Structure formats: C-alpha cells, structure tokens
Amino acid sequence: MAALTLWWMLHAWRTPETLAGTSFGAADGLCGLGFSLLVPARHEQQVLEHTVKRLLESSHTDYEILVIVGHDDPLTAAVAARMAEYAPGRVRVITDTHEVKNKPKALNTALPHCRGEVVGVFDAEDQVHPELLGHVDHAFRASGAAVVQGGVQLINFHSSWYSLRNCLEYFFWFRSRLHLHASQGFIPLGGNTVFVRTEVLRAAGGWDQNCLAEDCDLGVRLSSRGAKVVVAYDSSMVTREETPDTLLGLLKQRTRWNQGFLQVYRKKEWQRLPSLRQRLLARWTLTTPFLQAFSGVVIPIDLLLALTVKLPVSVALFSFVPAVPALATFAFEAVALHDFGLQYGLRVRPWHYVKLIAGGPLYQVVLAGAALRAVWREHRGDHGWELTRHVGAHLG
C-alpha cells in the first residue's frame with residue numbers, strides 16, 4: 001500500500017510537463033456557458049452568508065445560485081432567504097422536504113430547477129475564487145469535456161495536529177491523484193467544485209440519494225459511460241475549505257466516505273468500465289477501506305508479536321521491507337509541505353515538520369479506525385448521514 005500510495009502521490013511532479021498540465025489553461029474571457037451553482041446547506045447558518053456573497057463576486061456574467069435548505073432548519077433557511085433578497089434574480093432558495101436528509105437528496109431536489117447548461121456544486125463553507133467560473137467555462141469549451149473537476153484545498157493547517165495532515169491529504173488528492181485517475185478514464189469525483197453538463201447529469205439520473213459518497217458514485221457511473229473528465233488545479237483558484245473541527249468529526253467524516261466507497265463497490269457499476277486496467281484501478285480505489293480496516297486489525301497484533309515473539313534475524317529484517325516506501329513517503333510529504341507553504345503563502349515552521357512526521361502513525365490509526373467503523377456500519381445496514389460541522393476556521 002505504501003508503494004502504491006507513493007506512486008500516485010508523485011504523479012503530478014513526475015515531469016515539468018505533467019505538472020504544467022494539471023492547471024487551467026489561459027481563459028479567453030468569454031462567457032459561453034450558463035451555470036447553475038448548487039449550495040446545499042444544513043445547520044450551516046454560520047458560514048452560508050459568506051459563501052454566497054463570495055459566489056456573487058464572480059466575474060462570470062451568466063450564473064444562478066440555488067441554495068438548498070431543509071424544511072426543518074429555520075436558522076439556515078433564514079440566512080438563505082436573506083441572501084435571496086440581497087441578490088434577487090441571482091439567488092434562489094430550494095426547500096428539501098425529505099423526512100430523512102442527506103446531501104444527494106438535496107442536490108436531486110434542486111436539479112429540476114437548474115436553468116444553466118452546466119451544474120456546479122459547492123459546499124456551504126466554500127471560499128470560491130471570483131475567476132473560477134470563467135476558467136471552468138473555457139475548460140469546457142476548449143476540451144469538449146462533460147465534467148470539469150476543480151481543485152479543493154483545506155487551508156487551516158495550523159488548527160490542530162491532525163489538520164496539518166488533513167490539509168496535505170487534500171493537496172495530494174487534488175494536485176496529483178485525481179489527474180492520474182482522469183488520465184486513466186476512471187475517476188471518483190470530488191464532492192464540490194465539480195461541474196457537470198446539465199444534460200449529462202440528467203441523463204445519468206442525478207445523484208444516488210442512498211449513497212454516502214454520492215460524488216464518487218457519480219464519477220464511477222460517468223466513467224463507465226465514457227464521459228470525458230478534465231481536472232485542473234491552480235493554487236490561486238482552488239476552493240478553500242476547513243478541516244473537521246474535532247477528531248471525532250474527522251472520524252465520522254472518514255467513516256461516511258469509506259462506507260460510501262464500499263457501497264459504490266457493491267453496486268458493481270465499475271465492472272462496466274471498458275478496460276482491465278480501469279477495472280483494476282477501480283477495484284483498488286474502492287476497496288481501500290477494506291485494506292485500511294485490515295491494517296487497523298493488524299497493527300495491534302504486529303505490536304504484540306514484536307514485543308513477545310523471538311524471530312530469526314532474517315525474518316525480522318524482512319519484516320522491515322515495507323518501511324522503505326513508508327520512509328520515502330514521509331520524506332516526500334516533508335517536501336510537499338514546503339511546497340504547500342510556498343503555494344499558499346503560509347509560514348511553515350520547523351515545528352510543523354515535526355508534527356507532520358510524529359503525527360503520521362497516529363493519523364493512520366485514526367484512518368484505520370474510521371475504516372473499521374465503516375465496515376461495521378455497512379455490515380449493520382446503518383446508512384445514516386453524519387453531518388460534518390463547519391465553524392469557518394478557513395476564513396481568517
């Protein structure tokens with residue numbers, strides 16, 4: 001796992017040409033497409049107004065914002081109504097009346113109301129760059145793509161020991177791994193800053209409202225149908241977000257994602273991918289929660305054996321082989337943290353490198369715990385949506 005992880009982490013930096021190809025092309029300033037921007041919001045009255053006002057600063061001239069609120073969430077609905085009054089004709093409020101709420105149900109509720117040629121999704125805490133829509137518009141027209149996936153970056157790396165690693169995960173995922181997936185014709189899409197042609201989205205039936213990783217599921221379904229996906233990452237134009245504000249929040253968020261991946265795997269849509277290479281990549285990607293859960297079980301057993309069992313020297317030495325790619329990964333993460341600081345103008349101090357390395361093993365234990373919990377919840381048939389709370393730590 002460490003060797004494969006290092007392989008995809010390095011993808012974007014393999015050659016200068018590959019790195020340059022991961023960014024948006026120069027926009028031509030034309031507004032050729034109309035956008036419907038969906039912003040599902042639930043108990044997020046603290047951050048919603050800032051997000052909508054930021055979207056309203058867009059330099060693009062043809063877009064609408066559909067804020068989706070629950071019928072049982074009056075505080076968020078009040079903020080949404082205030083924004084609709086603030087920008088009449090540009091902001092509309094859609095009410096989700098499902099008894100049991102989740103994000104895909106909210107998105108599907110709004111889809112019939114979309115007037116634009118492209119549907120874009122943002123979360124209620126997103127900080128979106130004003131020039132983003134112009135670049136996405138150009139990317140659609142220049143490439144003929146059905147989907148454009150923009151970059152998302154957690155930014156509050158200083159908030160806690162795990163937030164630093166959480167930020168770097170996003171850095172690697174959107175800066176490198178998604179580009180690899182797009183080049184291979186199989187991509188688990190991200191949950192926001194993702195844009196899909198409306199006719200393609202409606203033909204696909206929208207989002208799976210019973211899936212806990214509706215973004216991944218949509219990516220798999222569109223990949224199996226041969227949809228062209230363009231991924232672009234530009235540090236000056238990424239959508240900025242915050243990490244979960246507690247370790248328990250991170251555990252629940254990862255549980256939801258992992259369980260969603262398992263659901264997508266069990267749907268077997270990935271088996272319709274045309275090539276064996278794509279199907280192998282899909283199987284590996286979607287079953288990673290199983291492997292993480294397995295590692296969660298093995299870690300304490302390994303520790304117990306190391307402390308209590310005497311092994312031949314050759315066997316003991318061989319057991320350290322996996323440490324080689326793991327140490328190489330740590331070294332590359334340190335380099336990437338330096339690059340992350342440069343790209344975002346953040347001051348990375350020596351203490352942050354210590355936290356990065358020292359927190360690595362514990363962070364893996366947290367991820368393994370989330371994977372185990374996901375497997376357990378899926379086994380019990382518990383598909384309840386655990387909402388991640390947002391407090392605006394990325395807005396400072």
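Above this text is the structure in question.
Colleague: Please explain unusual backbone geometry as it appears in this structure.
Modeller: In terms of backbone geometry, most residues other than glycine have negative phi values and most peptide bonds are trans. Of note in the backbone geometry, threonine 193 takes a positive phi value of approximately 55° without being a glycine. Look at lysine 268: it is not a glycine, yet its phi comes out positive at around 65°. Turning to its location among the elements, lysine 268 is positioned in the loop between helix 10 (247-267) and helix 11 (276-308).

Colleague: Which parts of the structure should I look at to understand the pairing of strand 7 (residues 194-197)?
Modeller: Where strand 4 (residues 118-121) lies against strand 7, four bridges are found, and the strand directions are antiparallel. Paired with valine 118 across the strands is arginine 197, a residue of strand 7. Here strand 5 (residues 147-149) runs beside strand 7; their pairing, made up of three bridges, is antiparallel. Its bridge partner being in strand 7, glutamine 149 is matched across the sheet by valine 194.

Colleague: I would appreciate a short explanation of the packing of helix 9 (residues 214-224) against helix 10 in the present structure.
Modeller: Two packed helices can be described by the angle between their axes and the distance between those axes. Put simply, helix 9 and helix 10 touch, their axes get as near as 9 Å, and they point 30° apart. Classified by the angle between their axes, helix 9 and helix 10 sit roughly parallel to one another. Crossing of helix 9 over helix 10 shows right-handed handedness. Contact with helix 9, carried on its side by Cys216, Asp217, Val220 and Arg221, involves Phe261, Val264 and Lys267 of helix 10 and no other residues of that element. In terms of residue class, the contact of helix 9 with helix 10 is made up of four nonpolar, no polar and three charged.

The rules behind each value
Residues numbered from 1 in each chain as written. Predicted model: local features only at pLDDT ≥ 70, side-chain atom pairs only at ≥ 80, totals over all residues. Heavy atoms only, no water. Helix = DSSP H or I, 4+ residues; strand = E, 2+ residues; numbered from the N terminus. Pairing = 2+ DSSP bridges. Axes fitted to C-alpha atoms, helices over the stretch in contact; angles between N-to-C directions. Parallel < 35°, antiparallel > 145°, perpendicular 65-115°, else oblique. Left-handed = near helix turned anticlockwise from the far one by under 90°. Contact = heavy atoms within 4.5 Å. Nonpolar A, V, L, I, M, F, W, Y, C, P; charged D, E, K, R; others polar.

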